[in-house]
Amino acid sequence: MNKKPITVTQPSLPPLDEFIPYLESIWEDKWLTNNGKFNRELEAELERFLGVEHLALCSNGTLALMLALKALDVRGEVITTPFSFVATSHSLLWVGAVPVFCDIEDKTYNIDPEKIEALITERTTAILPVHVYGNPCDDERIGKIAQRHGLKVIYDAAHAFHVKKDGRSILTRGDLSVLSFHATKVFNTFEGGAVVCHTEEMKQKVKDLKNFGIRGETTVVSAGMNAKMNEVQAAMGLAQLKYLEQNIAKRRAVADHYHELLDGLPGITLPAERADVSGNYSYFPILIDGSCGPSRDAAYDLLKRHDILSRKYFYPLITHFPMYAGLPSASAEKLPVAERIAAQVLCLPVYPGLSRAHVEKICRLLREGEK
Ligand code: T4K
């Protein structure tokens, strides 16, 4: 009997005995934060591992988004997706920008480049797309639109750790990319995040902004905030990084098993595999259209009755929340694809330790209902 519920995800933790020596070192050094040795080490390790340069660690992904927007001096209107976690558009409100919501593609669930240009006004300064579920955006078309209209592009890559497109890290696209290392992510530092920059100057700007703008004991160069990662967080990242590839392989095995057991089930759409993408299997979103069986909500309830806590990421759409609902771009008629996907999506549990028996149980419930 399974007493503990099966949750949509579970944090990856390194063996505790491999984490303790990091803590002992922190205790010994009495250096807890402010660009300590584990911060510097983790930045270098992540740059190497991810195949990027100029990565600046932050205390979480939301502050990293705000720092990225500040570093590029983004204001006015910013075109973004309604199909994301609220932090994406909240970060715009926090820097005083106005989100303009663009509909999404029905295959990738990412911002639809076809529909971006119609939303550009003289107040538009940037585009904030999300690689939702780690599925890369159409960065080529987005880049061309941005270039044509002189806009910045900041990718919310919170789900896209270690995702590659055409053999290259997806984090190399746009002006800046932002990662989240929250407990629920493929790679976690309890809480954490990073801004991936393309130049040392930009990284310096982000480093200033995350440390009050302080450059030296008597020098403050910008109106920064406090968004530093502490040494315990960085140690967690270092202890975990070496398990990353094997964790992704285990996630992939779970995803393959779902495909094996659910492929061809009428009324259900499974995540598409893309030949040009090496993914991280951070989420397993399925669409349930209700045409041949229970609705999405009924499937969610059914799983819950069996202690399986799937999640309706990302329902409701961001545009349904009161701080966005009044915006002209938030009306449902303008976002038909996003509205439909949000009404049908269900993220099934996926994490390295999820057993084959649990995947089989989930799939049996989805195939046969409560028999
Ligand atoms: N942009 C995007 C596109 C994002 O998805 C996010 C975060 C951000 C930006 C912002 O990055 P951060 O500032 O968070 O670094 C979760 C996460 O809290 C959030 O980080 C994540 N996106 C979002 C998609 O999912 P909730 O409200 O669903 O979390 P919660 O507490 O319900 O956790 C989900 C499940 O995970 C639980 O049922 C059990 C499991 N869990 C969770 C935690 C916290 C554990 O097993 N252990 C844990 O410690 O938002």
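Thresholds applied
- Residues numbered from 1 in each chain as written.
- Predicted model: local features only at pLDDT ≥ 70, side-chain atom pairs only at ≥ 80, totals over all residues.
- Heavy atoms only, no water.
- Phe/Tyr/Trp six-rings, centres within 6.5 Å; stacked < 30°, edge-to-face > 60°.
- Helix = DSSP H or I, 4+ residues; strand = E, 2+ residues; numbered from the N terminus.
- Buried < 20%, exposed > 50% of the residue type's maximum accessible area, 1.4 Å probe, protein only.
- Lys NZ or Arg CZ within 6 Å of the ring centre and 35° of its normal.
- Near = heavy atom within 4 Å.
- Polar contact = N/O pair within 3.5 Å; in protein donor to acceptor, adjacent residues only side chain to side chain.
- Areas by Shrake-Rupley, 256 points an atom, 1.4 Å probe, with all protein chains shown as cover.
- Nonpolar A, V, L, I, M, F, W, Y, C, P; charged D, E, K, R; others polar.
- Domains from an automatic or database assignment.
- Buried area = accessible area lost by both parts, 1.4 Å probe.
- Salt bridge = Lys/Arg side-chain N within 4 Å of Asp/Glu carboxyl O.
- Pairing = 2+ DSSP bridges.
- Axes fitted to C-alpha atoms, helices over the stretch in contact; angles between N-to-C directions.

**Thoughts on the packing of aromatic side chains**
Okay, step 1: Within the structure shown, the criterion is met by 16 aromatic pairs.
Okay, step 2: Centroid distance Tyr-22 to Phe-38: 5.2 Å. Interplanar angle 70°. Geometry classified as edge-to-face. Here Phe-38 lies in helix α2 (residues 37–50) and Tyr-22 lies in helix α1 (residues 16–29), a separation of 16 residues in the sequence.
Okay, step 3: Given the relative accessible area of 5%, Phe-38 is considered buried.
Okay, step 4: Here the aromatic rings of Tyr-133 and Phe-314 are separated by 6.0 Å at their centres, their planes lie at 20°, and the arrangement is stacked. Here Phe-314 lies in the loop between β16 (308–309) and α10 (322–325) and Tyr-133 lies in the loop between β5 (124–128) and α5 (139–149), a separation of 181 residues in the sequence.
Okay, step 5: Accessibility expressed as a relative area gives 6% for Phe-314, which makes it buried.
Okay, step 6: Linked through ring pairs, Phe-83, Tyr-109, Tyr-133, Tyr-283, Tyr-313 and Phe-314 together constitute an aromatic cluster.
Okay, step 7: The ring of Tyr-315 carries the charged tip of Arg-296 above its face, separated from the ring centre by 4.7 Å.
Okay, step 8: Lying across the ring of Tyr-300, Lys-312 places its NZ or CZ 4.4 Å from the centre.

**Describing the site of the ligand**
Okay, step 1: Among the 26 residues in the neighbourhood of the ligand, the closest are listed as Thr-62, Asp-156, His-159, Ser-180 and Tyr-313.
Okay, step 2: Side-chain polar atom of Asp-156 to a nitrogen atom of the ligand: 2.7 Å apart, as the coordinates give it.
Okay, step 3: Here the ligand, which alone exposes 910 Å², has 74% of that area covered by the protein.
Okay, step 4: Those elements that provide at least two residues to the shell around the ligand are α3 (61–71) and α4 (87–94).
Okay, step 5: For the shell around the ligand, the per-class residue count stands at ten nonpolar, 13 polar and three charged.

**Overview of the domain arrangement of the protein chain**
Okay, step 1: For the protein chain, the assigned domains are domain 1 (16–240) and domain 2 (244–368).
Okay, step 2: Relative to domain 2, the C-alpha centre of domain 1 lies at a distance of 25 Å.
Okay, step 3: Both sides of the domain 1 and domain 2 interface together cover about 3,100 Å² of buried area, and 64% of this is carbon and sulfur.
Okay, step 4: Of all residues in domain 1, Phe-101, Tyr-133 and Val-186 give up the largest surface area on contact with domain 2, accounting jointly for 22% of the area buried on that side.
Okay, step 5: Remark: the boundary between domain 1 and domain 2 carries one salt bridge.
Okay, step 6: Measuring nitrogen to oxygen at the nearest pair gives 3.6 Å for the salt bridge that ties Asp-106 to Arg-340.
Okay, step 7: Joining domain 1 to domain 2, the criterion identifies 15 residue pairs in polar contact (both at pLDDT 80 or more).
Okay, step 8: If you list the elements that add at least two residues to the side of domain 1 that touches domain 2, you get α4, β4 (98–101) and β7 (164–165).
Okay, step 9: Top contributing element to the side of domain 1 that touches domain 2 by residue count: β4, with four residues.

**A few points about the sheet that holds strand β3 (residues 77–80)**
Strand pairs in the sheet, formed through backbone hydrogen bonds, run parallel or antiparallel to each other.
Okay, step 1: The seven strands lie next to each other as β2-β10-β9-β6-β5-β3-β4, forming an open sheet whose pairing is mixed. Each edge of the sheet is formed by a strand with only one pairing partner; in this case those strands are β2 (55–58) and β4. Averaged over all pairs of adjacent strands, the angle between strand axes in this sheet comes to 25°, irrespective of strand direction.
Okay, step 2: Direction of pairing for β3 relative to β4: parallel, over a ladder of four bridges. Across the sheet, the residue bridging to Val-78 is Pro-99, located in β4.

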